[in-house]
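Descriptive analysis of the structure
Given next are the chains, with one letter for each unit.
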Amino acid sequence: MKSEKFSIKKSIKPFKDKKGTLITILQHVQKEYGYLSKETISTIADELSKSENEIYGVATFYSQFKFNKPGKHQVKVCLGTACHVRGGHELMETVERQLVIKHGEKTKDSQFSLERVACMGCCALAPVMVVDKEIYGKTTSTKVKQILNKYKNNGGR
Amino acid sequence: MITINGKKIPFKEGETVLETALEAGIYIPSLCTQSELESFGACRLCLVKIEGMRGFPTSCNTEVKDGMVITTEDDELQKIRRNVLEMLLSEHPNTCIICKDKDICEECHFGPTKAGRVTGCRFCPNKEICEVREVADYLGLEDLKLPFEYKNLPLERDDPFFDRDYNLCILCGRCVRVCQDIRGRGTLAFTQRSFRTKVGTAFDKLHIDSNCGFCGACVDVCPTGALSARGSKWHGDADSCIDSICILCSIGCNFSFESKWDRIMAAIPKREGPTKGQVCSRGRFCVPQLLNGTDRLKQPMIRKNGKLIPVSWDEAITHTADKLKDFKGEEIGVIASKFLTNESAYVLQKFTRAVLNTNNIDSTTSDFVGPVMKTIMESKTANSNIGKIENIENSRWIIVLGRRIFNPSSALNPSIYRAKKKGAKIILIDPGKSKTPRIIDVHLELGVSQTLDFFYGIIHSLYSSNPSIVKKSYGKYGAFVKSVKNLEISKFGKTYSNKIKELSQLINSSKGCIIADPDAIHCSSPEKLMNAILNVLILSENPDGFVPYYEGGNDQGICDMGAISQHLPGYSSISNLESIKKLERLWGTKLPREKGKRYSEMFKDKLKALYLTDTIPEEKLGKIEFLVIQDIYPNKIMNKADVVLPARAFTEDDGTVTSLERRVQKIKQAVKEPEGARSDWKIICNLARKMDAKGFDYKNFQQIFKEIKEIVPFISGMGIWKFGSKQPTLFPLMKTGEMKDLTSSKPLFRYRGADLMERVDDFRIQMGAGGK
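The rules behind the values
Residues numbered from 1 in each chain as written. Chains lettered and ligands numbered in written order. Predicted model: local features only at pLDDT ≥ 70, side-chain atom pairs only at ≥ 80, totals over all residues. Heavy atoms only, no water. Helix = DSSP H or I, 4+ residues; strand = E, 2+ residues; numbered from the N terminus. Buried < 20%, exposed > 50% of the residue type's maximum accessible area, 1.4 Å probe, protein only. Contact = heavy atoms within 4.5 Å. Areas by Shrake-Rupley, 256 points an atom, 1.4 Å probe, with all protein chains shown as cover. Lys, Arg positive; Asp, Glu negative; His and termini not counted. Charge placed at Lys NZ, Arg CZ, Asp CG, Glu CD. Domains from an automatic or database assignment. Buried area = accessible area lost by both parts, 1.4 Å probe. Salt bridge = Lys/Arg side-chain N within 4 Å of Asp/Glu carboxyl O. Polar contact = N/O pair within 3.5 Å; in protein donor to acceptor, adjacent residues only side chain to side chain. Axes fitted to C-alpha atoms, helices over the stretch in contact; angles between N-to-C directions. Parallel < 35°, antiparallel > 145°, perpendicular 65-115°, else oblique. Pairing = 2+ DSSP bridges. Patch = residues over 30% accessible without salt bridge, like charges linked within 9 Å, V, L, I, M, F, W, Y side chains within 5 Å. Disulfide = S-S within 2.5 Å. Core = buried A, V, L, I, M, F, W, Y, C linked by side-chain atoms within 4.5 Å. Nonpolar A, V, L, I, M, F, W, Y, C, P; charged D, E, K, R; others polar.

Quick word on the overall build of chain A
Helix and strand content of chain A: seven helices and four strands. For chain A, the α and β elements follow one another from N to C terminus as α-α-α-α-β-α-α-β-β-β-α. Each principal axis of the C-alpha distribution contributes one length, and for chain A these read about 50 × 35 × 20 Å. Put simply, chain A has 157 residues, and 43% of those count as buried. Of the contacts formed within chain A by residues at least 6 apart in sequence, a portion of 58% connects residues at least 24 apart. Summed over all atoms, the accessible surface of chain A reaches about 9200 Å², with 50% contributed by carbon and sulfur. Taking the average location of the 28 positive side-chain charges in chain A and that of its 16 negative ones, the two points are 5 Å from each other.

Here is the structure:
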């Protein structure tokens, strides 16, 4: 815990006593840890002399912030307009079935977490799914298993 | 001039349209505004038309400008408002609001309802004062066209004092704003967004883990039944509401005490008080459970054959009078409770001095209030507004001695927070190592002797940077300057010199105040510390900046009335023969010349009889032969009592009390006393008459107050009393030396013999969590 606090303190320092920097701080912290834990929020609050409830209130307003530790691999399925038209919902259902979780959840072995997003900016490839930073365009339900297996087999990657 | 609905109306610069309209008696519906909160514009019900402005501006955050032409009510506006309200009600259980028979329903279905989950009118704890319904009635909303969506959130009932049912919440944000902007706690915040928006804490933790002070401010501003005090939500309409004062601490917050079935049911804060309706958990929630106990003392008791036997009042008084006659003056001691009214305290000290013939009367907190008042009187600052709570808000710096004021969150905290928002620096001096409250800028972990060194350091630094700061017109100018010049800076002062320099620059010539807790100056020579504190305040030209945070509701009054060993009523000295003779003339009796003993010294030698109106540690009672206890509850030390006399509690008595501001306020009887209990002053008067004393024939408390006004020159009626009119006097510095710290480790929250932690479960839970 000690090293964590130290790093948050360091990353907050340039923003301290400036107005309107909370989002940036939260983004920095999330980048570091992958999510905002109870401890990190309470540390940020202490550093900024705010209450953790206020920080949490701001953070939960934005969908970009996560409050649970994400899985090793983050699966995102696009449900934006183009993907919706090209069967994004079916793709989502297939992924959910394959991973045995609903979107917004994490598999029991913490290997995968699943999220829905609204547009990745590559609508020509619809329907799109993203695993970690890799984009899989024109994904059909049959390809899902193959894609996920790549990560399952290569869990340590 | 502005025009509202065709009428010319004057306005004040800076006011909002809503405020101006309400002042002129024009109603505009609104659910999110609250006079002490900044406008928010959340509910969209206060929409108006203003000529020249586009659309429908919200009147709560539109400033009035000269020549505005405003329409607050027409068909179009009402239609929009109805639509807005409909949308609000599509998420708020609404049968109670739109039902046509609701008025008849109320009449037929009286009495308490105890459903946990609120789905309709009969089960809402807020039905008597529902603001949503008021607005619906005004708009004539009779039907809902939108489908209803019940949020189905879990009820939150695991915290002390109040329940939360956010299914009833309309997201007006009053609770969030009062918690963040007024109280400065930040326990409540809006979390999530859109449909899932909810008022709550981080990660939906319990309030007790989220820095909540349980002040109840959120409950008081909630326009719906979402937040409700658990202890008082089910009893329905109160039989009576009496405006009085809470005396569980010395701030003197005004409350309206609701009673039903001859019991206190709730205490509702009133705006009129010194803290403008901001109170603490003790006053807001603890009073009913504290005073309604079934074991209240109802009958006098006398020890016969080793057992306390209930007897009649007559027998008890006769027995006590006979026994007390057997002791000599110096063998008797009297302890005045810090919760007695001024009248009772006055009568008690008169009884002690005139009848028992001793000056051995003291209060358990005289170690704090004694030195404080002595210093204030000697420094001639009692003529200013010293101690006034308003001073806190306008300060640029606040030194808080002792952290007890933050836990439990006291009614002074909003004032401190307001100062902080205006840019004040808050400095805490407290040796404790636990987490520093968020509001604190600088925490100095100093013990009592170091605190004295610290203040001396500041005085020295103030003087050396600018000797003309010590004005020649101040009393004891020469001696003071000489003592400062000769001051040896202690080792501590040297190590802290940077901090001292920094703070003395801040303190120098800017407005500020020092708030002290009894524990923080509880040491072997509290006078020294108090003198240093007053010196600092006078030098920084804040002679009115000292705020003593007394424990008891009437510590100040006890001291003023002379129910304290060091002086006679009105601070006249016991060694001054003239003042004694004056009293002898007025009371028509001979008075003792010998000085009385302080509480801390009282039990050392020949004390044989003790008259207690408070409770004291059992081990002090070692050699007492005759013990009289006058209290409201039975407690441990009654094992040793020879006579027990049942007194009335503060909600059952009339009289006056004096708050820490030296504000004399009336307390009124809000509820019938338990049968058999009597007012303290009546008991003492009975006793005095039994002992053949004259001058104890008061019929009511007003007669006593009249006599007080004659004897204590500066008390003339209700309000803040002032005394003297001279320039402030400084205190020459003394050698610092080692001071013994007598700080008690555990704060005690008591009302006479009743321990709040023991009697009020929720208070125990609150304090158990520690609070941050």
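Next comes the rest of the account.
Notes on the domain arrangement of chain B
Residue and element names in this part refer to chain B. You can read the domains of chain B as domain 1 (301-368 + 555-716) and domain 2 (385-422 + 443-549 + 728-741). Relative to domain 2, the C-alpha centre of domain 1 lies at a distance of 35 Å. Tallying the contact residues gives seven residues for domain 1 and 16 residues for domain 2. Taken together, the two surfaces of domain 1 and domain 2 that pack against each other cover about 890 Å², and 62% of this comes from carbon and sulfur. It is Phe 368, Leu 660 and Glu 661 that lose the most area in domain 1 upon contact with domain 2, and together they represent 66% of the buried surface on that side. If you look at where domain 1 meets domain 2, you find one salt bridge. Taken together, the links from domain 1 to domain 2 amount to three residue pairs in polar contact (both at pLDDT 80 or more).

Quick word on the packing of helix H2 (residues 22-33) of chain A against helix H4 (residues 52-61) of chain A
Residue and element names in this part refer to chain A. Across the interface, H2 lies against H4 with an axial gap of 11 Å and an inter-helix angle of 80 degrees. Accordingly, the angle class assigned to the pair H2 and H4 is roughly perpendicular. Where H2 abuts H4, its residues Leu 22, Ile 23 and Leu 26 lie against Ile 55, Val 58 and Ala 59.

Concerning the sheet that holds strand S11 (residues 263-269) of chain B
Residue and element names in this part refer to chain B. With antiparallel pairing, three strands are arranged side by side in an open sheet as S9-S10-S11. The open sheet has two edge strands, strand S9 (240-245) and S11, and neither has a second partner. In this sheet, adjacent strand axes meet at a mean angle of 30 degrees when their direction is disregarded. Pairing geometry for S9 and strand S10 (residues 254-260), over six bridges, is antiparallel. Directly across from Cys 241, in S10, lies its bridge partner Glu 258. The strands that helix H8 (residues 281-291) touches are S10 and S11; relative to S11, the one it contacts most, it runs at about 180 degrees.

Digging into the environment of A:Asn53
Position of A:Asn53 among the secondary structure elements: in helix H4. Look at A:Asn53 and you get buried, because its relative accessible area is 0%. Sequence-wise, A:Asn53 and A:Glu39 are 14 residues apart; in three dimensions their C-alpha atoms are separated by 12 Å. Every residue in contact with A:Asn53, bar those within four places of it in the chain, is listed here: B:Gly186, B:Thr187, B:Ala189, B:Thr201, B:Ala202 and B:Ser210. Reaching out from A:Asn53, the side chain makes a polar contact with the backbone nitrogen of B:Ala202 at a distance of 2.8 Å. A distance of 3.3 Å separates the side chain of A:Asn53 from the backbone oxygen of B:Ser210, its partner in a polar contact.

Side note on a positive patch on the surface
On the surface, a cluster of positive charge is made up of B:Lys666, B:Lys668, B:Lys706 and B:Lys709. For B:Lys709, the location among the structural elements is in helix H23 (residues 701-711).

What about the state of the cysteines?
All names here are of chain B. Scanning the entire structure with this criterion turns up zero disulfides over all chains. The thiol of Cys 46 is not disulfide-bonded; the next cysteine sulfur, from Cys 60, is found 3.8 Å away. By relative accessible area, which is 1% here, Cys 46 ends up buried. Cys 169 takes part in no disulfide bond, and the closest cysteine sulfur, belonging to Cys 175, lies 6.1 Å away.

Focus: the domain arrangement of chain A
When the domains of chain A are assigned, the result is domain 1 (2-61) and domain 2 (73-153). The C-alpha-based centres of domain 1 of chain A and domain 2 of chain A are spaced at 30 Å.

Considering unusual backbone geometry
Residue A:Pro127 follows A:Ala126 across a cis peptide bond; omega there is -10 degrees. In this fold, A:Pro127 is placed in the loop between strand S2 (112-117) and strand S3 (129-131). The phi dihedral of A:Ser110 falls on the positive side, at around 60 degrees, and the residue is not glycine. With respect to the element layout, A:Ser110 can be found in the loop between helix H6 (88-99) and S2. Unlike most non-glycine residues, B:Lys276 shows phi in positive territory, near 55 degrees.

Observations regarding the environment of B:Met530
All names here are of chain B. Residue placement: Met 530 occurs in helix H18 (residues 526-539). The exposure class assigned to Met 530 is buried, which follows from its relative accessible area of 0%. With 271 residues separating them along the chain, Met 530 and Ser 259 place their C-alpha atoms 42 Å apart. When neighbours within four sequence positions are excluded, Met 530 is seen to be in contact with Pro 371, Val 372, Thr 375, Ile 521 and Phe 546.

Looking at the sheet that holds strand S26 (residues 719-720) of chain B
Residues and elements named next belong to chain B. Read from one edge to the other, the open sheet built from three strands follows the order S24-S25-S26, with strand pairing classed as antiparallel. If you trace the sheet from one side to the other, it starts and ends with strand S24 (655-658) and S26, each paired once. Looking at chain direction, strand S25 (residues 663-667) and S26 are connected through two bridges and run antiparallel. Across the sheet, Arg 663 pairs through a bridge with Ile 720, a residue of S26.

Quick notes on the side chain of B:Ser540
All names here are of chain B. In this structure, Ser 540 sits in the loop between H18 and strand S20 (546-548). A polar contact of 3.2 Å, which involves the side chain of Ser 540, links it to the backbone oxygen of Leu 537. Within polar-contact distance, the side chain of Ser 540 engages the side chain of Asn 542 at 3.0 Å. Contacts of Ser 540, omitting those with residues within four sequence positions, involve Trp 397, Ile 507, Ser 509 and Ser 510.

Some details on the nonpolar core
All names here are of chain B. Phe 351, Phe 454, Phe 455, Ile 533, Phe 546, Tyr 611 and Tyr 751 are the most contacted members of the largest nonpolar core, which totals 192 residues. Inspection of this core shows a minimum of three residues originating in each of domain 1 (301-368 + 555-716) and domain 2 (385-422 + 443-549 + 728-741). With residues near it in sequence (within four places) discarded, Phe 455 still touches Ile 399, Leu 401, Ile 429, Ile 514, Leu 529, Ala 532, Ile 533 and Val 536. Leu 45, Leu 85, Cys 96 and Ala 136 belong to the second largest nonpolar core, which has 20 residues in total.

Examining the interface of chain A and chain B
One frequently used descriptor of interface size is the decrease in accessible area upon assembly of the parts. Each side of the interface is counted separately: chain A has 17 residues, and chain B has 17 residues. Of the roughly 1400 Å² buried where chain A meets chain B, counting both sides, 54% is carbon and sulfur surface. Between chain A and chain B we count two salt bridges in total. B:Lys435 is the salt-bridge partner of A:Asp46, the closest N and O atoms lying 3.5 Å from each other. Joining chain A to chain B, the criterion identifies eight residue pairs in polar contact (both at pLDDT 80 or more). Listed by contribution, the elements that provide at least two residues to the side of chain A that touches chain B are helix H3 (38-48) and H4 of chain A. Looking at which element gives the most residues to the side of chain A that touches chain B, the answer is H4(A), with seven residues. Residues that form the side of chain A that touches chain B fall into these classes: five nonpolar, seven polar and five charged.

Structural notes on the pattern of salt bridges
Oppositely charged side chains can form a pair if their charged atoms are brought close together. All names here are of chain B. Enumeration according to the criterion identifies 44 salt bridges over all chains in this entry. Glu 15 serves as the salt-bridge partner of Lys 12, at 3.9 Å between the closest nitrogen and oxygen. Here Asp 519 and Arg 404 are joined by a salt bridge, their closest N and O atoms 2.9 Å apart. Residue Asp 519 is located in the loop between strand S19 (512-516) and H18, and its partner Arg 404 is located in the loop between strand S16 (397-401) and helix H13 (413-421); the two are separated by 115 residues in the primary sequence. The structure contains a network of salt bridges with shared partners spanning Glu 156, Asp 159, Arg 164, Lys 198 and Asp 204.

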